[in-house]
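Structural features, examined
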Amino acid sequence: QVQLVESGGGLVQAGGSLKLSCAASGLTFNNYCMGWFRQAPGKEREFVATISWNGGATYYADSVKGRFTVSRDNAKSAAYLQMDNLRPEDTAVYYCAAVDLGSSIVVLSAKRSEYEYWGQGTQVTVSS
């Protein structure tokens, strides 16, 4: 039974910081590329950041580059999203996701449709 559980969301003022955590269970964690997505009211779920199975490669949406940092700790089967200099536009439900890319030369994914497992989401609200 694969389970991804996000935590760390909350209410912060613009310019503040939050760190989200994603705890994984029921899978061989270091086989999986991890991704973060977000969904604001009235909008589709959009890509935020992704990290390869060993943390050796990362990729970010243009809207968060320089402000967000994705990381992982395979010994703890956990992924993280450090969010700094938050803006009201960052307000959304944030989801972590996992995909096994196997032996593919591609080690990252920014495509929602490629991910196999999803967490329940955690609310991030940034006030102005």
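Right, let's walk through the structure included here. (Residues numbered from 1 in each chain as written. Predicted model: local features only at pLDDT ≥ 70, side-chain atom pairs only at ≥ 80, totals over all residues. Heavy atoms only, no water.)

Quick notes on the overall build of the protein chain
The condition that has to hold: Labels follow the DSSP assignment, with helices taken as runs of H or I lasting at least four residues and strands as runs of E lasting at least two, numbered in each case from the N terminus. The size measure is the radius of gyration over C-alpha atoms, and the globule rule it meets is 2.2 Å times the number of residues to the 0.38 power. In this scheme, a residue with accessible area under 20% of its type's maximum is buried, one over 50% is exposed, and one in between is partly exposed, where area comes from a 1.4 Å probe on protein chains only. Should any heavy atoms of two residues lie within 4.5 Å, those residues are considered in contact.
What the protein chain contains, in helices and strands, is 0 helices and 11 strands. For the protein chain, the succession of helices and strands along the chain, N to C, is β-β-β-β-β-β-β-β-β-β-β. The C-alpha radius of gyration of the protein chain comes to 14 Å, within 12% of the 14 Å expected for a compact globule of 128 residues. Taking the principal axes of the C-alpha coordinates as reference, the protein chain spans close to 45 × 25 × 25 Å. Counting over 128 residues, the protein chain shows a buried share of 40%. In the protein chain, once contacts between residues fewer than 6 apart in sequence are set aside, the share between residues at least 24 apart is 60%.

Let's talk about the sheet that holds strand β1 (residues 3-7)
By definition, the strands of a sheet pair up through backbone hydrogen bonds, in either a parallel or an antiparallel sense. Spelled out, the test is: Any two strands with at least two DSSP bridges between them are considered paired. Axis lines are fitted to C-alpha atoms, over the contacting stretch for helices. Their N-to-C directions set the angle, which ranges from 0 to 180 degrees.
The strand order β1-β3-β8-β7 describes an open sheet built from 4 strands, whose pairing is antiparallel. Strands at the two margins of the open sheet, each flanked by one partner only, are β1 and β7 (68-73). This sheet shows a mean twist of 15 degrees between the axes of neighbouring strands, independent of strand direction. In terms of strand pairing, strand β3 (residues 18-25) meets strand β8 (residues 78-83) through 6 bridges, oriented antiparallel. Each bridged residue has a counterpart across the sheet, and for A23 the counterpart in β8 is A78.

Some points on unusual backbone geometry
It is generally the case that most residues other than glycine have a negative phi and that most peptide bonds are trans. Positive phi, close to 50 degrees, is recorded for S77, a residue that is not glycine. Within the secondary structure layout, S77 lies in the loop between β7 and β8. One non-glycine residue, N85, lies in the positive phi region at around 50 degrees. Relative to the helices and strands, N85 resides in the loop between β8 and β9 (92-100).

Examining the nonpolar core
Put simply, the rule is: Side-chain atoms within 4.5 Å are what join buried Ala, Val, Leu, Ile, Met, Phe, Trp, Tyr and Cys residues into a set we call a nonpolar core.
Ranked by internal contacts, the top residues of the largest apolar core, which has 36 residues, are M34, W36, V48, F68, L81, M83 and Y94. Of all the secondary structure elements, the ones that give two or more residues to this core are β3, β4 (32-39), β5 (46-51), β7, β8, β9 and β11 (122-127). Setting aside residues up to four positions removed in sequence, M83 forms contacts with G16, S17, L18, L20, R67, F68, Y94 and V124.

Comments concerning the pattern of salt bridges
Short version of the rule: We count a salt bridge whenever a side-chain nitrogen from Lys or Arg sits within 4 Å of a carboxyl oxygen from Asp or Glu.
Per the stated rule, a full pass over the model turns up 4 salt bridges. Notably, a salt bridge pairs R38 with D90, separated by 2.9 Å at the nearest N-O pair. Residue R38 is located in strand β4, and its partner D90 is located in the loop between β8 and β9; the two are separated by 52 residues in the primary sequence.

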